Amino acid sequence: MTVCRMQRGRWILLLSVVALHGFYSNLQFRARGNIPWSQTGSVNLLLTECAILRSNMLQRSLRSINTSDFLSYINDLQRCPWEYNVSEHIQIKSELAACCNTSHTLLVTQQNAPLGHKLTYETSPKRHIVVNENIYQMLPKLIVEASQKQQQDEVNDCRRNSQLIESEKKNVQKQILCTIITPHANFNKDPTSLELFSDCVRVPPQISPFIGKQFETCAVVGNGGILLNSSCGDEIDKMDYVFRFNLPPLLFRDTGEKSDLVSANPSILVKKFAKLSERRKPFIDLVKSYGSAMIILPAFSYVHNTELSLRVQHSLQDFDLQNSVVFFHPDYLTKLSTYWETMGLSAKRMSSGLMLVSVAMEVCKKVTLYGFWPFAQDPEGNLIPHHYYDDICPKPGFHSMPEEFYFYTKMHLKGALHLKVGKC
């Protein structure tokens, strides 16, 4: 047994000890036995049975659920029809927009971090870094020139998106800001020649790729061993926008290859790529597998992250890669962490997965999660690796993967997102 599986085994034992009672002892249909998760879709549960499952789960806390019953529950849940609930999604979206506002504050940009601005490190409030000329030039540009047609197309897109959100729910606070750019504006000579339209202000997409955007379908692809042999690649590649995290290798049949935003944890750059201080080609080859995807790093979460994160951008430039390198804004991550704490999530630090799921819930109409599974066994009881590409566990006590997964499950039950477990 690997160290990773031993660690997860201790976690499963802990949950079992604190379990108050069996989660489904009151469900008579359990007596007929489980149907393997690998046969998901072959036999569906009755709607009444699915309603009982949902009701019981939504009323329970994580610590009151026996782990084996929870796995059986997920097994059954995958045989229940899932239906998107726009009201539940919009509720979460509006809460996230009010606290964190992905469109404008997810990234450090020249707009929210001008030259000379002091950024406060997320995990060290007393530590700051001044945005100098070197850092400033790395950030998404404040203003870019665009043709009249491009300007008008962007304004029209923004109008349509604003109308779409308004029609979904009247009380949703508008988060998309639009700007009508005057036809003869010269940004270099007159950067103030921006004419406000209605109640919104639109910044060119070089500020943030998410301003004025609402993607129809999105996939957030986790790295869990549950994704291995899932055959989900084709389904993932059909999504309008695909999030991946922690620089994963791609197994096209199971993971797909479409990539739009990929997070890079500096600890992985240390362990796998020698801080980019030696041979950088393996790292460059991996980034090339993501196509033109944007690479996002937490450069200002920890002081020791900054230099290495900046080195990523220099490396891509040295090898003439066109991928944009962007940085999480530390204020965004601080506010996002506070939001999930108020929701009842207790962890020393959010995982990269939770960060990107939160982003997707704001900028996408329909969100599907793949490869999210924090357990050492699949729902049928078979041992699986921690990741689909290795069996290395995260640092114990740093993240709370089972607790995060529990929140995803509840959002799935409410129809706010689709949690895909097992084969596609």
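Residues numbered from 1 in each chain as written. Predicted model: local features only at pLDDT ≥ 70, side-chain atom pairs only at ≥ 80, totals over all residues. Heavy atoms only, no water.

Asker: How would you sum up unusual backbone geometry? Please name residues and give values.
Answerer: Of note in this structure, Ser231 is not a glycine but carries a positive phi near 60 degrees. Structurally, Ser231 can be placed in the loop between β5 (215-221) and α8 (233-237). The exposure class of Ser231 is partly exposed, given its relative accessible area of 31%. (Helix = DSSP H or I, 4+ residues; strand = E, 2+ residues; numbered from the N terminus. Buried < 20%, exposed > 50% of the residue type's maximum accessible area, 1.4 Å probe, protein only.)

Asker: Hey, could you go over the sheet that holds strand β6 (residues 241-244) for me, with residue numbers and the actual values?
Answerer: Read across the open sheet, the seven strands follow the order β9-β8-β7-β6-β5-β10-β11; overall the sheet is parallel. Edge positions in the sheet fall to β9 (325-327) and β11 (418-420), since each of these pairs with one other strand and no more. Along the sheet, successive strands turn relative to each other by an average axial angle of 20 degrees, direction set aside. In this sheet, β11 lies alongside strand β10 (residues 364-370) in parallel orientation, the contact comprising three bridges. Along β11, the bridge assignment pairs Thr368 with His418. (Pairing = 2+ DSSP bridges. Axes fitted to C-alpha atoms, helices over the stretch in contact; angles between N-to-C directions.)

Asker: Break down the nonpolar core for me, citing the residues and quoting the values.
Answerer: Judged by nonpolar contacts, the single largest core of 61 residues is most densely connected at Phe243 and Phe405. By residue number, the principal contributor to this core is helix α14 (residues 352-363), which donates eight residues. Phe243 has contacts with Cys218, Ala219, Val220, Val221, Leu261, Leu356, Val359, Ala360, Val363 and Cys364, leaving out every residue within four places of it along the chain. Counting residues in hydrophobic clusters, the runner-up holds 35 residues, among them Leu119, Leu286, Phe300 and Leu321. (Core = buried A, V, L, I, M, F, W, Y, C linked by side-chain atoms within 4.5 Å. Contact = heavy atoms within 4.5 Å.)

Asker: So what about the packing of helix α13 (residues 330-342) against α14? Which residues, and what values?
Answerer: Between α13 and α14, the least distance of the axes is 11 Å, while the angle of their chain directions is 90 degrees. Between α13 and α14, the interaxial angle falls into the category roughly perpendicular. On α14, the residues that touch Tyr332, Leu333, Leu336 and Trp340 of α13 are Leu354, Met355, Ser358 and Val359. When the residues that make up the contact of α13 with α14 are grouped by side-chain class, the tally is seven nonpolar, one polar and no charged. (Parallel < 35°, antiparallel > 145°, perpendicular 65-115°, else oblique. Nonpolar A, V, L, I, M, F, W, Y, C, P; charged D, E, K, R; others polar.)

Asker: Could you give me a rundown of the packing of aromatic side chains, with the residues and numbers involved?
Answerer: Inspection of every chain in the model, using the stated rule, returns 16 aromatic pairs. Look at Tyr339 and Trp340: their rings are 5.1 Å apart centre to centre, the planes differ by 75 degrees, and that puts the pair in the edge-to-face class. Side by side, Tyr339 and Trp340 carry an identical accessibility label, which is buried. Ring geometry for Tyr406 against Phe407: centres 6.5 Å apart, planes inclined by 85 degrees, an arrangement best described as edge-to-face. Looking at Phe407, the relative accessible area reads 17%, which means it is buried. What links up through ring pairs into an aromatic cluster is the set Phe210, Phe215, Tyr241 and Phe243. (Phe/Tyr/Trp six-rings, centres within 6.5 Å; stacked < 30°, edge-to-face > 60°.)

Asker: Break down the pairing of strand β8 (residues 294-297) for me, citing the residues and quoting the values.
Answerer: The side chains of a regular strand alternate between both faces of the sheet. Neither face of β8 is exposed, since Met294 and Ile296 on one face and Ile295 and Leu297 on the opposite face are all buried. Relative to β8, strand β7 (residues 261-263) runs parallel, the two being bridged by three bridges. If you follow Val262 over to β8, its bridge partner there is Ile295. In the sheet, β8 pairs with β9 via three bridges, with the strands oriented parallel. Note that in β9 the partner of Ile295 across the bridge is Val325. For the segment spanning β8, helix α12 (residues 305-318) and β9, crossover handedness is right-handed. (Right-handed = clockwise from strand over helix to strand, strands pointing away.)

Asker: Can you tell me about the packing of helix α11 (residues 281-288) against α12, naming the residues and giving the values?
Answerer: One can describe the packing of α11 onto α12 by two numbers: an axis separation of 11 Å at closest approach and a directional angle of 80 degrees. Between α11 and α12, the interaxial angle falls into the category roughly perpendicular. Note on element contacts: α12 touches α11 through Val312, Ser315 and Leu316, opposite Phe283, Ile284 and Val287. Per-class residue counts for the contact of α11 with α12 are five nonpolar, one polar and no charged.

Read these as spatial facts, not as claims about activity.
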